[in-house]
Amino acid sequence: MKILVPVKRVVDYNVKVRPLPDQSDVDLNNVKMSVNPFCEIAVEEAVRLKEKGVATEIIVVTVGQSDSQEQLRACLALGADRAILVETQSLLEPLAIAKCLVNVVHNENPDLIILGKQAIDGDNNQTGQMLASLLDYPQATFASELEIADNQAIVTREIDGGLQTIKVNLPAVVTTDLRLNEPRYASLPNIMQAKKKTLDIMNVEDMSVDINNRLQTLSVVLPEERQAGVMVESVTELVDKLKNEAKVLS
Amino acid sequence: MNILVIAEHDNNELKSSTLNTITAAHKLSADIDVLVAGSELAEVSKQAAAIENIKSVISVDDPIYKNFLAEDFGNLVASMGDQYSYILAPATTFGKNFLPRVAAKLDVQQISDIISIESEDTFKRPIYAGSCIATVKSSDPIKVISVRTTAFDAANVTDAEVSIESKDSQNSMGNATFVKDELAESDRPELTAAEIIVSGGRALGSSENFQIIESLADKLGAAVGASRAAVDAGYVPNDYQVGQTGKIVAPSLYIAVGISGAIQHLAGMKDSKVIVAINKDEDAPIFQVADYGLVGDLFEAIPELTDSI
Ligand SMILES: Cc1cc2nc3c(=O)[nH]c(=O)nc-3n(C[C@H](O)[C@H](O)[C@H](O)COP(=O)(O)OP(=O)(O)OC[C@H]3O[C@@H](n4cnc5c(N)ncnc54)[C@H](O)[C@@H]3O)c2cc1C
Ligand SMILES: Nc1ncnc2c1ncn2[C@@H]1O[C@H](COP(=O)(O)O)[C@@H](O)[C@H]1O
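What counts and how
Residues numbered from 1 in each chain as written. Chains lettered and ligands numbered in written order. Predicted model: local features only at pLDDT ≥ 70, side-chain atom pairs only at ≥ 80, totals over all residues. Heavy atoms only, no water. Helix = DSSP H or I, 4+ residues; strand = E, 2+ residues; numbered from the N terminus. Buried < 20%, exposed > 50% of the residue type's maximum accessible area, 1.4 Å probe, protein only. Contact = heavy atoms within 4.5 Å. Areas by Shrake-Rupley, 256 points an atom, 1.4 Å probe, with all protein chains shown as cover. Lys, Arg positive; Asp, Glu negative; His and termini not counted. Charge placed at Lys NZ, Arg CZ, Asp CG, Glu CD. Salt bridge = Lys/Arg side-chain N within 4 Å of Asp/Glu carboxyl O. Pairing = 2+ DSSP bridges. Axes fitted to C-alpha atoms, helices over the stretch in contact; angles between N-to-C directions. Core = buried A, V, L, I, M, F, W, Y, C linked by side-chain atoms within 4.5 Å. Patch = residues over 30% accessible without salt bridge, like charges linked within 9 Å, V, L, I, M, F, W, Y side chains within 5 Å.

Caption draft 1: Highlighting the overall build of chain A. Per the secondary structure count, chain A includes six helices and 13 strands. Seen along its three principal axes, the alpha-carbon backbone of chain A occupies a region of about 65 × 45 × 40 Å. Looking at chain A residue by residue over its 250 residues, the buried ones come to 55%. For chain A, contacts bridging at least 24 residues in sequence account for 69% of all contacts bridging at least 6. Approximately 11,100 Å² of chain A is accessible, and the part contributed by carbon and sulfur atoms is 46%. Of the side chains in chain A, 25 bear a positive and 36 a negative charge, and the two mean positions are spaced by 3 Å.

Here it is as structure tokens:
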């Protein structure tokens, strides 16, 4: 079984992001970049399926600029077998990214595609669902458990009310939630080995997909800050303030 | 400029997220149809028909939609797409699951999680866990939008009822099967609709200890929330998680107990009206957003608080 894992290079989750002075976008100068955490979970799940003998090959792919090779290498060090960079200079939207991924799927014919549920930069939560839709594949989003049996994926999903289990026929798209697994750290020997693995580069322009953005960002600003509050000395004082000042308790 | 709002429900009851989405829709146009798709819908369709400010309800009643599986549900909504200028759904796990499938089928770029409507094509949405707010303008002919429910009040429900029109279902793709739901049974209010929320973090240390949070919540008639750390550690179920990648809440009172205040947690609760933080570390970032902060050991403060209200 072949697994394709689309991953995204994003600002590290520890970085406090700020707008550029001209408010045209966020300031990405000299900030630490990482593999999107949900994508790391996706790679880890693929690696576990390979370790269990369910998967035979794991391909990671990203649509992005040349520097995304760094994140692809990181995924190779976690256990992916080879990588594909679909190179573009522009910052694409989920629909365009999904269209590029459709091309990769047609070339590679994976049985399973595992994506993150959400990239923590744009917080869009769209790409996996769009990819499944364009391919007319079934999907299992927000997965917290994944099992492969009888050419189906049995997936437990984290939904607002609790958990849901569904079965989808392969080939299928699965997107990861936080509880699916805890990704490993790459060992030094694996990092060294990853440098020798294959990383193919394709160009978006060669794919004949419409990558024009449909959204124009007019401005990026800080949210309204909350007013600083007060510290109370005791539970009694807290209760008094909540009742008599904030009037949220009766 | 007509709008299709996709109702969220459980085949018995309309979810309040639908009402918030209607309010967002009404800022765009008064020409609003509400799609209620599911199974055995008579009651839910009636509830939808009583929402103020809508034009009609379209009901698609077929067992294939009973569990809202994204493939069939998405195809149904996409099949209606060319009759509308806007398609809106709540940005809950229900909406997030199928709506991007609709956008892809219609070849438009979805606008996720909007918090305000600036004009007919321009919207505000949080990015980077709410660290920044982006204003985006869409050039697509059909605007497919998910709505952050906490950013819009609930629409009113009236005595009057608009017409309910039945519509045929689409063929099922048959490539996904529902197995089971394990839904939390609770007498407490729902997290996203609660007036008061008490949330616990990693500091609680175990699910047994978490009961002091629950006792306080019960005394206050509050819902219970948690940080990711508390969920990951198994103290509470996943549906308690508040934050960037969990639930977005905005109650009148949010009490954060033993939660440090990571940006990913703040993303889910910083629009609460009054925030209380109880933490033994006076430098915990949660105090920067709290209206009232108490530095202390939660294992002393929480039982005392529970006793004194
Ligand atoms: C991709 C991604 C998505 C995420 N999504 C979310 C999300 O949606 N929601 C979310 O919450 N987090 C999310 N996180 C995790 C987030 O970054 C933090 O790790 C998490 O919120 C920390 O939880 P915590 O505050 O309970 O734990 P900690 O940060 O460990 O804080 C525990 C706090 O308890 C205090 N404390 C300890 N003992 C006591 C005591 N006896 N009395 C009083 N106080 C005490 C400590 O001083 C400390 O401040 C996400 C992270 C990533 C990478
Ligand atoms: N540029 C990209 N290249 C490859 N995969 C991506 C890209 N952007 C997003 N994805 C995948 O889609 C998931 C959801 O992203 P998003 O829809 O942007 O929230 C991510 O976790 C990735 O798995």
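Now that the structure has been shown, the text picks up again.
Caption draft 2: Structural view of the side chain of Asp239 of chain B. Within the secondary structure layout, Asp239 of chain B lies in the loop between helix H6 (228-232) and strand E14 (253-257). The buried charged residue Asp239 of chain B lacks any salt bridge, with Lys247 of chain B as its nearest oppositely charged partner at 4.7 Å. With residues near it in sequence (within four places) discarded, Asp239 of chain B still touches Ile159, Asp160, Gly161 and Gly162 of chain A together with Ala184, Leu191 and Lys247 of chain B.

Caption draft 3: How the structure looks around the sheet that holds strand E4 (residues 86-90) of chain B. Residues and elements named next belong to chain B. Pairing is parallel in the open sheet, where seven strands are placed in the order E5-E9-E4-E1-E2-E3-E10. Looking at strand neighbours, the two that pair on one side only are strand E5 (111-114) and strand E10 (164-166), the edges of this open sheet. Pairs of neighbouring strands in the sheet enclose a mean axial angle of 25 degrees, with direction left out of account. Sheet contacts for helix H1 (residues 16-26): strand E1 (3-6), strand E2 (32-38), E4 and strand E9 (143-147); angle to E4, the most-contacted strand, approximately 150 degrees. Running over the sheet, helix H3 (residues 70-80) touches E1, E2, strand E3 (56-61) and E4 and is turned about 155 degrees from E2.

Caption draft 4: Quick peek at the nonpolar core. Ranked by internal contacts, the top residues of the largest apolar core, which has 53 residues, are Leu131 of chain A together with Ile6, Leu35 and Phe98 of chain B. With near-sequence residues (within four places) excluded, Ile6 of chain B lies in contact with Leu35, Phe73, Val77, Ile87, Leu88, Ala89, Pro90, Phe94 and Phe98 of chain B. Val47, Ala80, Ala140 and Leu146 of chain A belong to the second largest nonpolar core, which has 46 residues in total.

Caption draft 5: Representation of a nonpolar patch on the surface. Residue and element names in this part refer to chain A. The grouping of Leu188, Ile191 and Met192 at the surface amounts to a nonpolar patch, some 290 Å² of accessible area in total. Along the chain, Ile191 falls in helix H5 (residues 188-194). Owing to a relative accessible area of 36%, Ile191 belongs among the partly exposed residues under this scheme.

Caption draft 6: Structural context of the pattern of salt bridges. This structure, assessed with the given rule, holds 30 salt bridges over all chains. Between Glu57 of chain A and Arg82 of chain A there is a salt bridge; the shortest N-O distance is 2.8 Å. A residue pair is termed long-range when its members are at least 10 positions apart, and Glu57 of chain A in strand E4 (residues 57-64) and Arg82 of chain A in strand E5 (residues 82-87) qualify at 25 residues. Sharing partners across several salt bridges, the network here consists of Lys99, Asp210 and Arg214 of chain A together with Asp107 and Asp140 of chain B.

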